[in-house]
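# Reading the structure
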Amino acid sequence: MEIEIRAKINNLKEIESHFNEFKGVQILAQEMRQVDTYLRHQADKEQLLVIRIRRKEKQAILSFKAKSVDPKGDTAWHDYDTQISDPNKLEDILISSGYVYVCVIDKIRDSFKWQDFEINIDNIRDLGLFIEIEAQGQEKDIEPKKKEMSRILEKLGIAPADIIEKGYVALMLEAMAVKR
C-alpha cells in the first residue's frame, strides 16, 4: 500500500537548505518528466478504481489504484504497477472500452530516497511546486507513517497547517473547476 502526503512549496531554497542537512539521501532521479493520464470507467461514479498511464522518457507504467482506504484523507491506497510497451495503444483500448479521462498530471520530478521514504519535488503544470513524501505500508501503518512524514516536512520548514492530504488528481480537479 502506498501512503503519502504533500505540501505546496513556497520557498524551495529554504527546503533545499534543510534537506541538505539530512544524512544518507540518495538521488533517484533529477528533472525527470512524467506525464500521468488518469482514467476511470464511466460506470464507476465513485472512482473505486482509477487507472494511471505514466509516460516517462524511455518507459511507460500502467497503475491500478483503488480508492483511498484512509478515512481522513486521500493519502493511502492499494496500487499495482506494471511496465507497458505501447501506452498510446492501451489508452485507445481503454477509451474504446468505456473508460473516460479524469485528468492529466504533467510534472517535472526530482526524486530522492531517505530512510524508508521517497521524497519528491514536483513542478506540476497548472498547479505549481510541491513536495511529496511517500512510504509503503499496510492499513495499520497509515497514521504512524503520516505522522513520521509530517515530522519530516516540519524539519524541512513546512508548517503543519500547510500539509495537504489530497492527491494531485483531487488538486488538479479543484484547479480545473475554478478555471471553468
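The structure presented is a predicted model; accordingly, all values stated were derived computationally and were not measured.

Each value, and the rule that gives it
- Residues numbered from 1 in each chain as written.
- Predicted model: local features only at pLDDT ≥ 70, side-chain atom pairs only at ≥ 80, totals over all residues.
- Heavy atoms only, no water.
- Phe/Tyr/Trp six-rings, centres within 6.5 Å; stacked < 30°, edge-to-face > 60°.
- Helix = DSSP H or I, 4+ residues; strand = E, 2+ residues; numbered from the N terminus.
- Buried < 20%, exposed > 50% of the residue type's maximum accessible area, 1.4 Å probe, protein only.
- Expected span 1.5 Å × (residues − 1).
- Arc of directions from axis to C-beta.
- Polar contact = N/O pair within 3.5 Å; in protein donor to acceptor, adjacent residues only side chain to side chain.
- Contact = heavy atoms within 4.5 Å.
- 1 Å grid on protein atoms, 1.4 Å probe; cavity = no way out; pocket = protein on both sides within 12 Å on 5 of 7 lines; lining within 4 Å.
- Points joined across faces, edges and corners; volume = space filled by probe spheres on them.
- Nonpolar A, V, L, I, M, F, W, Y, C, P; charged D, E, K, R; others polar.

With that settled, consider the packing of aromatic side chains. What the rule picks out here adds up to four aromatic pairs. Ring geometry for F19 and F112: centres 5.1 Å apart, planes at 70°, overall edge-to-face. In this pair, F19 sits in helix α1 (residues 12–19) while F112 sits in strand β7 (residues 99–114), placing the two residues 93 residues apart along the sequence. Taking the relative accessible area as the measure of exposure, F112 reaches 12% and is therefore buried. For the ring pair F22 and W114, a centre distance of 4.6 Å and an interplane angle of 50° mean the geometry is tilted. With F22 in the loop between α1 and β2 (26–41) and W114 in strand β7, the pair connects residues that are 92 residues apart, well separated along the chain.

Over its twelve residues, helix α4 (residues 168–179) runs 16 Å from end to end, which matches the ideal 16 Å to within 8%, given 1.5 Å per residue. Regarding α4, the residues found buried are Y168, V169, L171 and M172. Taken end-on, α4 shows its buried residues confined to a sector of 160°, consistent with a single buried face. More than 90 degrees from the buried face of α4, the exposed residues found are A177 and V178.

Further remarks concern unusual backbone geometry. Glycine aside, residues mostly have negative phi, and peptide bonds are mostly found in the trans state. We note that E31 has phi near 50°; this positive angle belongs to a residue other than glycine. When you line up the elements, E31 lands in strand β2. Of the residues examined, E31 reaches a relative accessible area of 67% and is grouped as exposed. Backbone geometry places Q115, a non-glycine residue, at a positive phi of 55°. On the secondary structure map, Q115 appears in the loop between β7 and β8 (117–124).

Along the chain, E4 turns up in strand β1 (residues 2–8). By relative accessible area, E4 is classed as buried at 6%. In this structure the side chain of E4 is engaged in a polar contact, spanning 2.4 Å, whose partner is the side chain of R6. Setting aside residues no more than four positions away along its own chain, E4 makes contact with T75, W77, E132, I133, E134 and M149.

Moving on, we come to the layout of surface pockets. Empty pockets left among the atoms are what a rolling probe the size of a water molecule brings to light. Approximately 740 Å³ is the volume attributed to the largest pocket. Taken together, 34 residues form the lining of the largest pocket, with E2, Y38, R52, K65 and W77 sitting closest to its centre. For the lining of the largest pocket, the elements supplying multiple residues, two or more each, are β1, β2, β3 (49–55), β4 (60–66), β7, β9 (128–136) and α4. The biggest single contributor to the lining of the largest pocket is β2, with six residues. Among the residues making up the lining of the largest pocket, the classes are represented as twelve nonpolar, five polar and 17 charged. Empty space within the second largest pocket amounts to approximately 300 Å³. L12, E16, D110, F112 and I121 are the residues nearest the centre of the second largest pocket, which is lined by 18 residues in total. Taken together, the residues of the lining of the second largest pocket break down into twelve nonpolar, two polar and four charged.

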